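The primary structure of each chain is shown beneath.
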Amino acid sequence: MVSPVESRRSPKPKSGPSSPIVFLAGSTTSTSTGAPGKHFQSCEGLAHQESSLRCALEEALFLQRTFVLPSRMCINPIHNNKGIFHQSDNASAEEKFAECKNRNNRSALVLLYSFLPSMAAKKLRNAADKIKEILGDYDAIHVRRGDRLKTRRDRNGVERTLSPHLDRDTHPEFILRRIEKRVPPGRTLYIASNEWTPGFFSPLSVRYKLAYSSNYSRLLETLIENNYQLFMIERLILMGAKTFIRTFKEDDTDLYLTDDPKKNTKNWQIPVHTMDEKGR
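This one's a predicted model, so the numbers in the text were calculated from it and none came from an experiment.

**Q** Is there a simple way to explain the overall build of the protein in this structure?
**A** A tally of helices and strands in the protein yields eight helices and eleven strands. Scored against the burial criterion, the 280 residues of the protein give a buried share of 39%. Put simply, of all contacts in the protein between residues at least 6 apart along the chain, 69% involve residues at least 24 apart. Accessible surface, the protein as shown: approximately 16,700 Å² in total, 51% of it carbon and sulfur.

**Q** Hey, could you run me through the confidence of the model for the protein in this one?
**A** When pLDDT is low, close inspection of the predicted coordinates is not appropriate. For the protein, mean pLDDT is 75; residues scoring 70 or higher make up 65% of the total. Here residues 1–41 scores under 50 on pLDDT; set against residues more than four positions off or in separate chains, the count is 93 contacts. Counting contacts from residues 81–101, a segment whose pLDDT is below 50, to residues more than four positions away or on other chains yields 48 contacts.

**Q** Just to check I follow, could you spell out the sheet that holds strand 11 (residues 255–256) for this structure?
**A** Whether parallel or antiparallel, the strands of a sheet pair through hydrogen bonds between backbone atoms. An order of 9-8-5-10-11 is seen for the five strands of this open sheet, with the pairing classed as parallel. Looking at strand neighbours, the two that pair on one side only are strand 9 (209–211) and strand 11, the edges of this open sheet. In terms of strand pairing, strand 5 (residues 138–143) meets strand 8 (residues 188–193) through six bridges, oriented parallel. Residue pairing for strand 8: His-142 is matched across the bridge by Ala-192. In the packing of helix 8 (residues 227–239) onto the sheet, contacts are made with strand 5, strand 8 and strand 10 (244–246), and the angle to strand 8 comes to roughly 145°.

**Q** Teacher, can you tell me more about the pattern of salt bridges here?
**A** Should the charged atoms of two oppositely charged side chains come close, the side chains can pair. Under the defined criterion, the tally for this structure stands at 13 salt bridges. The partner of Arg-246 in a salt bridge is Asp-254, with the nearest N and O atoms 3.3 Å apart. Note on Asp-254: relative accessible area 15%, which makes it buried. Notably, a salt bridge pairs Lys-262 with Glu-250, separated by 2.9 Å at the nearest N-O pair.

**Q** Is there a simple way to explain the environment of Ile-175 in this structure?
**A** Following the sequence through the fold, Ile-175 ends up in helix 6 (residues 172–179). Leave out the neighbours within four places in its chain, and Ile-175 touches Ile-141, Val-143, Asp-169, Thr-170, Phe-201, Leu-204 and Leu-257.

**Q** Teacher, can you tell me more about the environment of Phe-244 here?
**A** Here Phe-244 is to be found in strand 10. With a relative accessible area of 22%, Phe-244 lands in the partly exposed category. Discounting chain neighbours no more than four positions away, the residues touching Phe-244 are Ala-140, Ile-141, His-142, Leu-238 and Leu-255.

**Q** Explain the packing of helix 4 (residues 122–135) against helix 8 to me, please; I cannot follow it from the model alone.
**A** When two helices pack together, their arrangement is given by the angle between the helix axes and by the axis-to-axis distance. For the pair helix 4 and helix 8, interaxial distance at closest approach is 9 Å and the crossing angle is 45°. With respect to helix 8, the element helix 4 is oriented oblique. As helix 4 packs across helix 8, the resulting crossing turns out to be right-handed. Here Lys-123, Leu-124, Arg-125, Ala-127, Ala-128, Ile-131, Lys-132 and Leu-135 of helix 4 lie close against helix 8, whose contacting residues are Gln-229, Met-232, Ile-233, Leu-236 and Ile-237. Each residue belonging to the contact of helix 4 with helix 8 can be placed in one class, and the counts come to nine nonpolar, one polar and three charged.

**Q** Explain the packing of aromatic side chains here, please?
**A** Within a pair of aromatic rings, the relevant descriptors are the distance that separates the centres and the angle that separates the planes. In total, this model carries one aromatic pair according to the counting rule given. Relative to Phe-201, the ring of Phe-200 has its centre 5.0 Å away and its plane inclined at 85°; by these criteria the two rings are edge-to-face. Since its relative accessible area comes to 14%, Phe-200 is described here as buried. Residue Phe-201 is classed as buried on the basis of its relative accessible area of 4%.

What counts, and where the lines are drawn
Residues numbered from 1 in each chain as written. Predicted model: local features only at pLDDT ≥ 70, side-chain atom pairs only at ≥ 80, totals over all residues. Heavy atoms only, no water. Helix = DSSP H or I, 4+ residues; strand = E, 2+ residues; numbered from the N terminus. Buried < 20%, exposed > 50% of the residue type's maximum accessible area, 1.4 Å probe, protein only. Contact = heavy atoms within 4.5 Å. Areas by Shrake-Rupley, 256 points an atom, 1.4 Å probe, with all protein chains shown as cover. pLDDT = per-residue confidence, 0-100. Pairing = 2+ DSSP bridges. Axes fitted to C-alpha atoms, helices over the stretch in contact; angles between N-to-C directions. Salt bridge = Lys/Arg side-chain N within 4 Å of Asp/Glu carboxyl O. Parallel < 35°, antiparallel > 145°, perpendicular 65-115°, else oblique. Left-handed = near helix turned anticlockwise from the far one by under 90°. Nonpolar A, V, L, I, M, F, W, Y, C, P; charged D, E, K, R; others polar. Phe/Tyr/Trp six-rings, centres within 6.5 Å; stacked < 30°, edge-to-face > 60°.

Printed below as a string of structure tokens:
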């Protein structure tokens, strides 16, 4: 199957400053790069928008074109009351966006996955560097709960979820069991999570020295305007850890907390809260 990028390959654009070709990335809806449109209230999260931005950058590189960002970027209102980045009266609703080629084949990617995170705003990078300096030698885990624990009832009233082991695997007692061979006792463990229950991860303190973004509120409170910025800072902190353990497996070399797949949109299953027969 020919990808959208390859289908637009001819004629090959000329390179060089004398023949610039502008590539406009955007959307008349909010489901690609996050440019606000008729579906403004449903604009996607940072990871989705970053993936779309990567696709647009790769197409520009492939076609040797100049990449121009949309003049407005939408972020989900649940993370920020303002809702729009870089508002401009000159925004065009006619900008179009080309879908990326095989997202699951990382060997086909032009840009390293560490590229966009490392391109965070300077003030965010500086904040992350300060926190990493305070942490010293540390390990880190990203524990995604919140939205991924969504459940619904089937026709028989049985509760089901897309990630049946996630709730169990991200509870402290199971996290301890999962990471004990990777993170020695006494280590400083930075925890990034969307779990807001006070003291939820406290049981981990029997083995580790725990750290959260809230420990650095004096440094962050005047800097952070929305959860997207906090996520960018925390991701830089996670990348700087000696050992980093994700929630889901994303690459063959990853360490992760649950064997549930990250991408599952159809198979609703009964949640599992105890160890199963395979000892998971």
